[in-house]
Amino acid sequence: MQEAPVVHFMSYAKLKLRMLTHFYRFLFFEDWRQDLWSKRFVRDHLRYTDEIQCAAARVVAAVRKLASNRDPTGNPNGDFDSFQIRRGDFKSAYKGTQLEADEIYANSREEIPENATVFVATDQKNRTFFEHLAAHYNLVFLNDFRSELKGVNSNFYGMIDQLVASRGRTFFGCVQSTFSSYIFRIRGYHAQKDRTDGWEQGVLHNSFYYTGEKHKHYYAQYFPAKRPFFTREFPTSWRDIDRGINELSGGITAQ
C-alpha cells in the first residue's frame, strides 16, 4: 500500500460510505510535525489561483476605499464588515437558516455599527430582500465592482465572494453553509498571521453566525472536531500550524 501510486477510498452512499469530512478529520499522523505540515501544505498550496486571489484583492481595496471616503476621519483605514447570506437551496434543505432581513439585522446590530460599510456575499438575486439591512448599513455586493472584475471568468465570482468576505472586520455567516465555513477557516489563517485577539487559542472573536444565539458565538472559543463535521470548520485546521516548520520527523532539522 505504501508503494501504490494511487490509494482509492470507495464512496457509495447506499452503503453509507462517504468521505464527507475535512482532510484534517480523516487523516491521522503519528508524528505531530507531519500533521501540521499537511495543514500548512493545504493552506499554502491547495488554494484559489492567483487570478482569483488578485481579483479579490482589487475588490477588497475598492471596498476599503469606498468605506474610507464615506468617513475619512472616523474610518481612515476603510474598515468594512461582511455577511455571507445563504438562500437558494437552503430554503428547503435547512429551513431554520432562512431568516428575514430584519431578523438578520437584530442578530448583528450589536456587533456591526450603524451606517457601517458592509460587503454581502450572497446567492439572493432579489435586492429588495436586503432593504431592511440597507436602512441601517451601506450595503455593497460583488456586482458593484465590475471594473475590478473586468476580464475575470464569472465562474470565479463565488470564490471571489468568499475571499472578500473573509477580510471583513466583523463577519456573519450562515450556519450549515460550507461556503461560510471556508470563510471562517480563511479568517482563522489570517488571525494566526496577524495575531489578533485570541489567536493563541485559535478563537475568532469577530466571526459569528447570524442565524440565532444558539450558534452565534460558535467560534469565540476553542472546540475539538465533532459532529456534524462537514458543515463547519474547526480551529485545529488553523491554530498554531506553523509550529515545527523547520523540523522533520524524528527531530531532524531541515537543511
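Note: the structure precedes this text.
In short, a report on the structure. What you see is a predicted model; the values in this text were computed from it and never measured.

So, how was this worked out
Residues numbered from 1 in each chain as written. Predicted model: local features only at pLDDT ≥ 70, side-chain atom pairs only at ≥ 80, totals over all residues. Heavy atoms only, no water. Helix = DSSP H or I, 4+ residues; strand = E, 2+ residues; numbered from the N terminus. Buried < 20%, exposed > 50% of the residue type's maximum accessible area, 1.4 Å probe, protein only. Polar contact = N/O pair within 3.5 Å; in protein donor to acceptor, adjacent residues only side chain to side chain. Contact = heavy atoms within 4.5 Å. Patch = residues over 30% accessible without salt bridge, like charges linked within 9 Å, V, L, I, M, F, W, Y side chains within 5 Å. Areas by Shrake-Rupley, 256 points an atom, 1.4 Å probe, with all protein chains shown as cover. Salt bridge = Lys/Arg side-chain N within 4 Å of Asp/Glu carboxyl O. Core = buried A, V, L, I, M, F, W, Y, C linked by side-chain atoms within 4.5 Å. Pairing = 2+ DSSP bridges. Phe/Tyr/Trp six-rings, centres within 6.5 Å; stacked < 30°, edge-to-face > 60°. Expected span 1.5 Å × (residues − 1). Axes fitted to C-alpha atoms, helices over the stretch in contact; angles between N-to-C directions. Parallel < 35°, antiparallel > 145°, perpendicular 65-115°, else oblique. Left-handed = near helix turned anticlockwise from the far one by under 90°. Nonpolar A, V, L, I, M, F, W, Y, C, P; charged D, E, K, R; others polar.

Overview of the side chain of aspartate 81
For step 1, the next point in the chain: Secondary-structure assignment places aspartate 81 in strand 1 (residues 81-85).
For step 2, the next point in the chain: Judged by relative accessible area, which is 0%, aspartate 81 ranks as buried.
For step 3, the next point in the chain: Here the side chain of aspartate 81 touches threonine 170 through a polar contact of 3.1 Å, landing on its backbone nitrogen.
For step 4, the next point in the chain: With residues up to four places along the chain from it excluded, the contact list for aspartate 81 reads Ile112, Pro113, Ala116, Thr117, Val118, Phe119, Gly168, Arg169 and Thr170.

Digging into a nonpolar patch on the surface
For step 1, the next point in the chain: Side chains of Met1, Val7, Phe9, Met19, Phe26 and Leu27 sit close together on the surface and give an oily, nonpolar patch of about 630 Å² of accessible area.
For step 2, the next point in the chain: With respect to the helices, strands and loops of the structure, leucine 27 is situated in the loop between helix 1 (23-26) and helix 2 (32-45).

Comments concerning the nonpolar core
For step 1, the next point in the chain: Formed by 39 residues in total, the largest nonpolar core has its most connected members in Val59, Val63, Phe119, Ile160, Val164 and Tyr219.
For step 2, the next point in the chain: Elements with a contribution of two residues or more to this core: helix 3 (50-70), strand 2 (117-122), helix 7 (157-165) and helix 8 (178-194).
For step 3, the next point in the chain: For this core, the element with the highest residue contribution is helix 3, accounting for seven residues.
For step 4, the next point in the chain: Valine 59 has contacts with Phe119, Leu142, Phe145, Glu148, Leu149 and Val164, leaving out every residue within four places of it along the chain.
For step 5, the next point in the chain: Within the second largest apolar cluster, 21 residues are counted, among which are Tyr105, Ile112, Ala116 and Tyr210.

Things to note about the pairing of strand 2
For step 1, the next point in the chain: Burial of strand 2 is extensive: five of the six residues sit out of reach of the surface.
For step 2, the next point in the chain: Of the pairings in the sheet, the one linking strand 1 to strand 2 comprises five bridges and is parallel in character. Pairing of glutamine 84 across the sheet is with alanine 121, part of strand 2.
For step 3, the next point in the chain: Sheet topology places strand 2 next to strand 3 (residues 138-141); four bridges connect them, and they run parallel. Within strand 3, the position partnered with valine 118 by the bridge is leucine 139.

Quick look at the pattern of salt bridges
For step 1, the next point in the chain: Tallied over the entire structure, the rule returns 11 salt bridges.
For step 2, the next point in the chain: A salt bridge links aspartate 242 to arginine 43; its shortest N-O distance comes to 2.9 Å. Remark: arginine 43 occurs in helix 2 and aspartate 242 occurs in the loop between helix 9 (213-216) and strand 6 (247-248); sequence separation between them is 199 residues.
For step 3, the next point in the chain: The salt bridge partner of arginine 185 is glutamate 233, with a shortest N-O separation of 3.1 Å. One end of the pair, arginine 185, is in helix 8; the other, glutamate 233, is in the loop between helix 9 and strand 6, and 48 residues separate them in sequence. Accessibility classification places arginine 185 together with glutamate 233 in one group, the buried group.

Let's talk about the packing of aromatic side chains
For step 1, the next point in the chain: Enumeration over the complete set of coordinates arrives at 20 aromatic pairs.
For step 2, the next point in the chain: Here phenylalanine 172 and phenylalanine 208 contribute two aromatic rings whose centre-to-centre distance is 5.0 Å and whose plane-to-plane angle is 25 degrees, an arrangement assigned as stacked. Residue phenylalanine 172 is located in strand 4 (residues 171-173), and its partner phenylalanine 208 is located in strand 5 (residues 207-209); the two are separated by 36 residues in the primary sequence.
For step 3, the next point in the chain: When its relative accessible area of 0% is taken as the criterion, phenylalanine 172 is described as buried.
For step 4, the next point in the chain: A relative accessible area of 6% places phenylalanine 208 in the buried class.
For step 5, the next point in the chain: An aromatic cluster is present here, built from Phe171, Phe184, Tyr209, Tyr218, Tyr219, Phe223, Phe234 and Trp238 joined pairwise through their rings.

Remarks on helix 8
For step 1, the next point in the chain: Between the first and last C-alpha of helix 8 there are 24 Å, a value that for 17 residues agrees with the 24 Å anticipated at 1.5 Å per step.
For step 2, the next point in the chain: Across the 17 residues of helix 8, 12 count as buried, placing the element largely inside the fold.
For step 3, the next point in the chain: Of all the residues in helix 8, the buried ones are Ser180, Ser181, Tyr182, Ile183, Phe184, Arg185, Ile186, Arg187, Gly188, Tyr189, Ala191 and Gln192.
For step 4, the next point in the chain: Where helix 8 begins, the capping side chain belongs to serine 177, and its oxygen is found 3.2 Å from the backbone nitrogen of phenylalanine 179.
For step 5, the next point in the chain: Within two residues after helix 8, arginine 195 carries a phi angle of roughly 55 degrees, on the positive side.

As for the packing of helix 7 against helix 8
For step 1, the next point in the chain: At a minimum axis distance of 9 Å, the contact between helix 7 and helix 8 shows a crossing angle of 45 degrees. With respect to each other, helix 7 and helix 8 are oriented oblique. Between helix 7 and helix 8 lies a crossing of right-handed hand. Counted together, Gly158, Asp161, Gln162, Leu163 and Ala165 of helix 7 and Phe179, Tyr182, Ile183, Ile186 and Arg187 of helix 8 form the full contact between these two elements.
For step 2, the next point in the chain: Split into classes, the residues belonging to the contact of helix 7 with helix 8 amount to six nonpolar, two polar and two charged.

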